[in-house]
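# Overview (structure and organization)
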Amino acid sequence: YTRLRAIVDQVVPAGAKVLAAGKSEPDPAMLYNSGRLGWSERRRALDTTWLNGEATVGLHYAIFYKTYLPVDTLPYPVLYEDSDFKIFKIKKEQ
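Here's what I pulled together on the structure shown here.

### Some words on the overall build of the protein
Across its full length, the protein carries three helices and five strands. For the protein, the α and β elements follow one another from N to C terminus as α-β-α-β-α-β-β-β. Relative to the compact-globule value of 12 Å for 94 residues, the protein shows a C-alpha radius of gyration of 12 Å, a close match. The principal-axis extents of the C-alpha atoms in the protein amount to approximately 35 × 25 × 20 Å. Looking at the protein as a whole, 44% of its 94 residues qualify as buried. The long-range share in the protein, meaning contacts at least 24 apart out of those at least 6 apart in sequence, stands at 52%.

### So, the pattern of salt bridges
Taken as a whole and judged by the stated rule, the model has seven salt bridges. Across the salt bridge formed by Arg 44 and Glu 41, the nearest N and O atoms sit 3.2 Å from each other. With a relative accessible area of 38%, Arg 44 lands in the partly exposed category. The salt bridge involving Glu 81 is made with Lys 66; its shortest N-O contact spans 2.9 Å. Remark: Lys 66 occurs in the loop between strand E3 (59–65) and strand E4 (78–81) and Glu 81 occurs in strand E4; sequence separation between them is 15 residues. Since its relative accessible area comes to 44%, Glu 81 is described here as partly exposed. Salt bridges sharing common partners tie together Arg 3, Asp 82 and Asp 84.

### Topic: helix H1 (residues 4–11)
Looking only at H1, the buried set comprises Leu 4, Ile 7, Val 8 and Val 11. The arc enclosing the buried residues of H1, seen along the axis, measures out at 95°, which places them on a common side. Those residues of H1 hidden inside the fold are in contact with helix H2 (28–34), E3, E4 and strand E5 (85–89).

### Overview of the packing of aromatic side chains
Scanning all chains against the criterion turns up four aromatic pairs. Ring plane angle 90° and centroid distance 5.7 Å describe the contact between Phe 64 and Phe 88, whose orientation is recorded as edge-to-face. Taken as a pair, Phe 64 in strand E3 and Phe 88 in strand E5 lie far apart in primary sequence, 24 residues in all. Relative accessible area serves as the criterion here: at 0%, Phe 64 is assigned to the buried category.

The rules behind the values
- Residues numbered from 1 in each chain as written.
- Predicted model: local features only at pLDDT ≥ 70, side-chain atom pairs only at ≥ 80, totals over all residues.
- Heavy atoms only, no water.
- Helix = DSSP H or I, 4+ residues; strand = E, 2+ residues; numbered from the N terminus.
- Rg over C-alpha atoms; globule rule 2.2 N^0.38 Å.
- Buried < 20%, exposed > 50% of the residue type's maximum accessible area, 1.4 Å probe, protein only.
- Contact = heavy atoms within 4.5 Å.
- Salt bridge = Lys/Arg side-chain N within 4 Å of Asp/Glu carboxyl O.
- Arc of directions from axis to C-beta.
- Phe/Tyr/Trp six-rings, centres within 6.5 Å; stacked < 30°, edge-to-face > 60°.

In structure tokens:
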């Protein structure tokens, strides 16, 4: 996760809540290294009903560590992708 903070700082606004879906369930190290507050969840991370529900209580972005949880498609805009991470914008602007 050594590059994660720099990536998140470029893509995710300060204060935004994130979902960190990484190596384990939960993965507090990934969440901590993102530099944001939020959720650490793998089991439901690809469940759009759950993601939409969490967006109503503050979830803004989802960060996936692709090595451990590959994600090909979700119905959200992709803000960033490289060989390790993929970041989606979950919460729609009001």
